[in-house]
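# Structural features, examined
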Amino acid sequence: MRRFGLSLPTAIVLLTAFAPAPAARAASGTNAVVVWNDHAQTAIYEVARQAPYIAPRSFAMVHGAVYDAVNAIAGTPYQPYLRAPRAHRGASADAAVATAAYRVLLSLFPAQSAALDAMYADSLAAIPDGRAERGGVAVGEQAAADMIAARVGDGAFGPATWTVGTAPGQWRPTPPAYAQDGAWVGDMRPFVIPRNDMFRTAGPPALTSRQYTRDLNEVKAIGGATSTVRTQDQTESAKWWHDRRLTEWEIKRQVAQTQHLNTLQAARMFAMAEIANADSLIACFNEKKFWSFWRPVTAVQEADTDGNPATTADPAWMPLLITPAFPDYTSGHACSTSTIMAALRAFFGRDDIAFSAYSADSGTTRHFAGFSAALDEVIEARIWGGVHYRTADVEGVKIGDGVARYVLAHEFRRR
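A quick note: this is a predicted structure, and the numbers were derived from the prediction, not measured. (Residues numbered from 1 in each chain as written. Predicted model: local features only at pLDDT ≥ 70, side-chain atom pairs only at ≥ 80, totals over all residues. Heavy atoms only, no water.)

Broken down by element type, the protein chain carries 14 helices and two strands. On the principal axes, the C-alpha backbone points of the protein chain span a range of 75 × 50 × 40 Å. Burial statistics for the protein chain: of 415 residues in total, 59% are counted as buried. Taking as baseline every contact in the protein chain between residues at least 6 positions apart, the subset at least 24 positions apart corresponds to 79%. (Helix = DSSP H or I, 4+ residues; strand = E, 2+ residues; numbered from the N terminus. Buried < 20%, exposed > 50% of the residue type's maximum accessible area, 1.4 Å probe, protein only. Contact = heavy atoms within 4.5 Å.)

Considering the arrangement of structural elements, one finds Ser292 in the loop between helix 10 (263–291) and helix 11 (296–301). Ignoring anything within four residues of it in the chain, the contact list for Ser292 reads Thr163, Gly169, Gln170, Trp171 and Pro327.

Within soluble globular proteins, side chains that are nonpolar generally end up buried alongside one another. By size, the foremost hydrophobic cluster in this structure holds 126 residues, and its most contacted members are Trp36, Val66, Leu105, Phe191, Met269, Phe348 and Phe412. Counting residues per element, this core draws most heavily on helix 10, which supplies 15 residues. (Core = buried A, V, L, I, M, F, W, Y, C linked by side-chain atoms within 4.5 Å.)

Where helix 3 (residues 55–73) contacts helix 6 (residues 131–150), the two axes come as close as 8 Å, and the packing angle between them is 140°. The orientation of helix 3 with respect to helix 6, classified from their angle, is oblique. Regarding helix 3 and helix 6, the two cross each other, and that crossing is right-handed. When helix 3 is examined against helix 6, the residues Ala60, Met61, Gly64, Ala65, Asp68, Ala69, Ala72 and Ile73 are found in contact with a partner set consisting of Gly136, Val139, Gly140, Ala143, Ala144, Met147 and Ile148. A breakdown of the residues in the contact of helix 3 with helix 6 according to their chemical character gives 11 nonpolar, three polar and one charged. (Axes fitted to C-alpha atoms, helices over the stretch in contact; angles between N-to-C directions. Parallel < 35°, antiparallel > 145°, perpendicular 65-115°, else oblique. Left-handed = near helix turned anticlockwise from the far one by under 90°. Nonpolar A, V, L, I, M, F, W, Y, C, P; charged D, E, K, R; others polar.)

Oppositely charged side chains can pair when the atoms bearing their charge come close. Per the stated rule, a full pass over the model turns up 19 salt bridges. In this structure, the salt-bridge partner of Asp233 is Arg366, at a minimum N-O distance of 3.3 Å. Of the two residues, Asp233 sits in helix 8 (residues 232–241) while Arg366 sits in strand 2 (residues 364–368), which places them 133 residues apart along the sequence. On the accessibility criterion, Asp233 (41% relative accessible area) is partly exposed. Its relative accessible area of 9% is what places Arg366 among the buried residues. (Salt bridge = Lys/Arg side-chain N within 4 Å of Asp/Glu carboxyl O.)

Another point: helix 6. With 20 residues, helix 6 should reach 28 Å at 1.5 Å per residue; the first-to-last C-alpha distance of 29 Å fits that figure. Buried within helix 6 we find Glu133, Gly136, Val137, Val139, Gly140, Ala143, Ala144, Asp146 and Met147. (Expected span 1.5 Å × (residues − 1).)

What follows is about the packing of aromatic side chains. Per the stated rule, a full pass over the model turns up 22 aromatic pairs. Between Tyr67 and Phe412, the ring centres sit 5.1 Å apart and the planes meet at 75°, which makes this aromatic pair edge-to-face. In this pair, Tyr67 sits in helix 3 while Phe412 sits in the segment after helix 14 (390–410), placing the two residues 345 residues apart along the sequence. As far as the burial class goes, Tyr67 and Phe412 line up, both buried. Taking 6.5 Å as the distance between ring centres and 15° as the angle between the ring planes, the aromatic pair formed by Tyr81 and Phe412 counts as stacked. Taken together, the positions of Tyr81 in the loop between helix 3 and helix 4 (93–108) and Phe412 in the segment after helix 14 put the pair 331 residues apart, joining distant regions of the chain. Residue Tyr81 shares its accessibility class with Phe412, and that shared class is buried. Put simply, the rings of Trp240, Trp241, Phe347, Phe348, Phe355, Phe368 and Phe371 touch in pairs and so form one group of aromatic residues. (Phe/Tyr/Trp six-rings, centres within 6.5 Å; stacked < 30°, edge-to-face > 60°.)

Looking now at the pairing of strand 2. Only one face of strand 2 is buried: it carries Thr364, Arg366 and Phe368, and the other face, with Thr365 and His367, is open. Bridge count between strand 1 (residues 355–359) and strand 2: five bridges; the pairing is antiparallel. Opposite Phe355, over in strand 2, you have Phe368 as the bridge partner. Hairpin connection, strand 1 to strand 2: the antiparallel pair is bridged by four residues, and Gly363 has positive phi, about 70°. (Pairing = 2+ DSSP bridges.)

A word on the confidence of the model for the protein chain. The pLDDT averaged across the protein chain works out to 93; a share of 93% of its residues lies at or above 70. For residues 1–28, every residue scores under 50 in pLDDT, and the model assigns this stretch 54 contacts once sequence neighbours within four places are set aside. (pLDDT = per-residue confidence, 0-100.)

Further remarks concern the packing of helix 4 against helix 5 (residues 113–125). Look at helix 4 against helix 5: their axes get within 10 Å of each other, and the N-to-C directions meet at 175°. On the basis of their axis angle, the class for helix 4 and helix 5 is roughly antiparallel. Side by side, helix 4 and helix 5 meet where Ala95, Ala98, Thr99, Tyr102, Leu105 and Leu106 of the first sit next to Ser113, Leu116, Asp117, Tyr120, Ser123 and Leu124 of the second. In the contact of helix 4 with helix 5, the residues fall into eight nonpolar, three polar and one charged.

Take a look at the structure:
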């Protein structure tokens, strides 16, 4: 409640509003929403290689369409995201899920048509031919068409670039690639929040402030490639959270299955998390663009220029992880993770659902007792990896929580 800034009565209302309605029976077999989330990961990341700050738009489109289709077939018990296609209760929800996801993915990645066609054919083959299947396909087609039309001209993949500076505190491309990417994300039209700059912060601390001194000296000591104070577990955590597959994908699938969500519940949970996450990254990247603050690798190497006598330069210092190709403030990973964990807390009405996930990058599996525990660790992990200051992480969490609170107050509520 403190993290959301809520009073007890308000918190109870929100938890009651978002907790899933009891399923009439446990879902049998593999949940179609979970299956198509996995297919979406294959198309969006494994094949198209969309970066973690670009992929949320694609996931939000897929799961927004899936949610509207399944919600319509269930009789629209929850607010539609865009609208509820005309549907009959006897229509196949599985056919609707597969069709909505397939059509959105095909619109995003037409070059993957052969693979997507095969996935779709496999899904429909498991559904008996007949009126129910045809009805589900029709609902899925309409929901996908609505979503595709809604995102036309939203600014995705636009020509925006980052501002490159040379003065102390100003961002400049970082080693080893000295590249820049993703500036358009901060300008893209949001899915729900009314303005990209709605969650503007007071900005990074002044270079001569005590907070900046603490931030820089902390990341310099523990986030360096050759740090002698970082533990093995901290090193593994930094690599685990940096996994480009974003372990949140596995986490959401895992909790959907361990909590035995039915098709409607899973569709709603994924839509809440993915659409809120897309807006969180938009707000975060808008913040990065506004402040254009330098990364730790630049700040440590050029600390003799910052006017702060309590910091010292180390021209040879490099972070444990490769620094992403955009400014520091605020942390995109903190924004994203806080939004996802807030959405999951709100959906389940609890914070103590345990989960774990394996990362091929770190070669380890990490276990968490609940959603807040995972969020607490990611704040530290980005410092341990040498790619963010503590303030960037802490402020990123505030943005993510704010976005989640706004999105969930305006969408996906029980009618």
